[in-house]
Amino acid sequence: QRATEKFGAALKLDPRNASIHFLNALSYHLLGEQGYEENLSLAETGYMVTLSFDSSNYWASYLLGHIYFKWNRYRQAQDAFAYALLLEDQNVEFMKGLLKSSYYAQDLDTALSTLQEIIKTGPLDPDTVRAASLVHSAAANSEKADEYFDQYAVMLEIKSETDFAAKNDVFLDFVDFIGKIALQ
């Protein structure tokens, strides 16, 4: 709360400063993630203003993607993550955002091609393996979906699909994952 007040005061002194707009937006975003969701629309505006003054601020675009994803505006999230990737094309977290927003936007071609780019970067984390299973399943590639599902189960040290379902009843819920990334 105090941060938003300080950044607001700084913006009065320098209203065209993209960095201050970004930090102000980030402070509203963090407040929104802490339960004060009305602040997310202020964060959205702040990130958009940041990008209007500094179109190279990939963090503003990336975090804007998280807000759109949270609001179930998956096509807009896709656009925001894709823009961040245009500026920082090797960032795996940006790729993961594009992967998941593409899956939810039912754009399987983009999801599959993004997944291939993520795979090239090295070992996959459990959340990406889970996403890979879902994307391949949605694309009717059951062999690959099963392969990733089994890999995910092993990563979680779960021996059977029954145990897997019991321990992971939020299999389709990526929103928590995205929320965690926004706070990192």
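Shown above is the structure to which this text applies.
Residues numbered from 1 in each chain as written. Predicted model: local features only at pLDDT ≥ 70, side-chain atom pairs only at ≥ 80, totals over all residues. Heavy atoms only, no water.

Novice: Residue-level account of the overall build of the protein chain, with values.
Specialist: The helix and strand tally for the protein chain stands at 11 helices and 0 strands. The helix and strand sequence of the protein chain, counted from the amino end, reads α-α-α-α-α-α-α-α-α-α-α. Relative to its full complement of 184 residues, the protein chain shows a buried share of 45%. Considering only residue pairs separated by 6 or more positions, the protein chain has 51% of its internal contacts joining residues 24 or more positions apart. Of the accessible surface of the protein chain, which amounts to about 9,900 Å², a share of 52% is contributed by carbon and sulfur atoms. (Helix = DSSP H or I, 4+ residues; strand = E, 2+ residues; numbered from the N terminus. Buried < 20%, exposed > 50% of the residue type's maximum accessible area, 1.4 Å probe, protein only. Contact = heavy atoms within 4.5 Å. Areas by Shrake-Rupley, 256 points an atom, 1.4 Å probe, with all protein chains shown as cover.)

Novice: An account of the packing of helix α2 (residues 18-33) against helix α3 (residues 39-53) is needed here, citing residue identities and associated values.
Specialist: Contact geometry of α2 with α3 gives a least axis separation of 8 Å together with a crossing angle of 160 degrees. What the angle tells us is that α2 and α3 run roughly antiparallel. Viewed along their axes, α2 and α3 form a crossing whose handedness is left-handed. Contacts from Ala-18, His-21, Phe-22, Ala-25, Leu-26, Tyr-28, His-29, Leu-31, Gly-32 and Glu-33 in α2 reach Asn-39, Leu-40, Leu-42, Ala-43, Gly-46, Tyr-47, Val-49, Thr-50 and Phe-53 in α3. Within the contact of α2 with α3, the residues separate by chemical class into 12 nonpolar, 6 polar and 1 charged. (Axes fitted to C-alpha atoms, helices over the stretch in contact; angles between N-to-C directions. Parallel < 35°, antiparallel > 145°, perpendicular 65-115°, else oblique. Left-handed = near helix turned anticlockwise from the far one by under 90°. Nonpolar A, V, L, I, M, F, W, Y, C, P; charged D, E, K, R; others polar.)

Novice: Any details on the environment of Val-92? Residues and values, ideally.
Specialist: Relative to the assigned elements, Val-92 resides in helix α6 (residues 92-104). The partly exposed category is assigned to Val-92, whose relative accessible area is 24%. Separated by 25 residues in the primary sequence, Val-92 and Glu-117 place their C-alpha atoms 8.7 Å from one another. For Val-92, the residues in contact, after removing those within four places along its chain, are Ile-118 and Thr-121.

Novice: Please set out a nonpolar patch on the surface residue by residue, giving values where relevant.
Specialist: On the surface, Tyr-83, Leu-86 and Leu-87 cluster together into a nonpolar patch covering about 290 Å² of accessible area. Relative to the elements of secondary structure, Leu-87 occurs in helix α5 (residues 74-87). (Patch = residues over 30% accessible without salt bridge, like charges linked within 9 Å, V, L, I, M, F, W, Y side chains within 5 Å. Salt bridge = Lys/Arg side-chain N within 4 Å of Asp/Glu carboxyl O.)

Novice: So what about unusual backbone geometry? Which residues, and what values?
Specialist: Despite not being glycine, Asn-72 has its phi angle at roughly 65 degrees, a positive value. Positionally, Asn-72 belongs in the loop between α4 (58-70) and α5. Positioned with a positive phi, Ala-140 is a non-glycine residue whose angle comes to about 65 degrees. Structurally, Ala-140 can be placed in the loop between α8 (126-138) and α9 (142-155).

Novice: Can you explain the side chain of Gln-78? Please cite residues and give values.
Specialist: With respect to the helices and strands, the residue Gln-78 is situated in helix α5. Judged by relative accessible area, Gln-78 falls into the buried class, the value being 7%. Filtering out sequence-adjacent residues up to four positions away, Gln-78 remains in contact with Leu-98, Ser-101, Ser-102, Ala-105, Asp-107 and Thr-110.

Novice: So, the pattern of salt bridges: which residues are in play, and what are the values?
Specialist: This model, assessed by the stated rule, comprises 8 salt bridges. Where Glu-117 meets Lys-120, a salt bridge forms, and the shortest distance between an N and an O atom there is 3.0 Å. With a gap of 3 residues between them, Glu-117 and Lys-120 both fall in helix α7 (residues 108-120), about one helical turn apart. Since its relative accessible area comes to 62%, Lys-120 is described here as exposed. Measuring nitrogen to oxygen at the nearest pair gives 3.9 Å for the salt bridge that ties Glu-147 to Lys-144. Of this pair, Glu-147 and Lys-144 are both found in helix α9, 3 residues apart, which corresponds to roughly one turn of the helix. For Lys-144, a relative accessible area of 31% translates into the label partly exposed.

It is worth stressing that arrangement in space is one thing and function is another; only the former is reported here.
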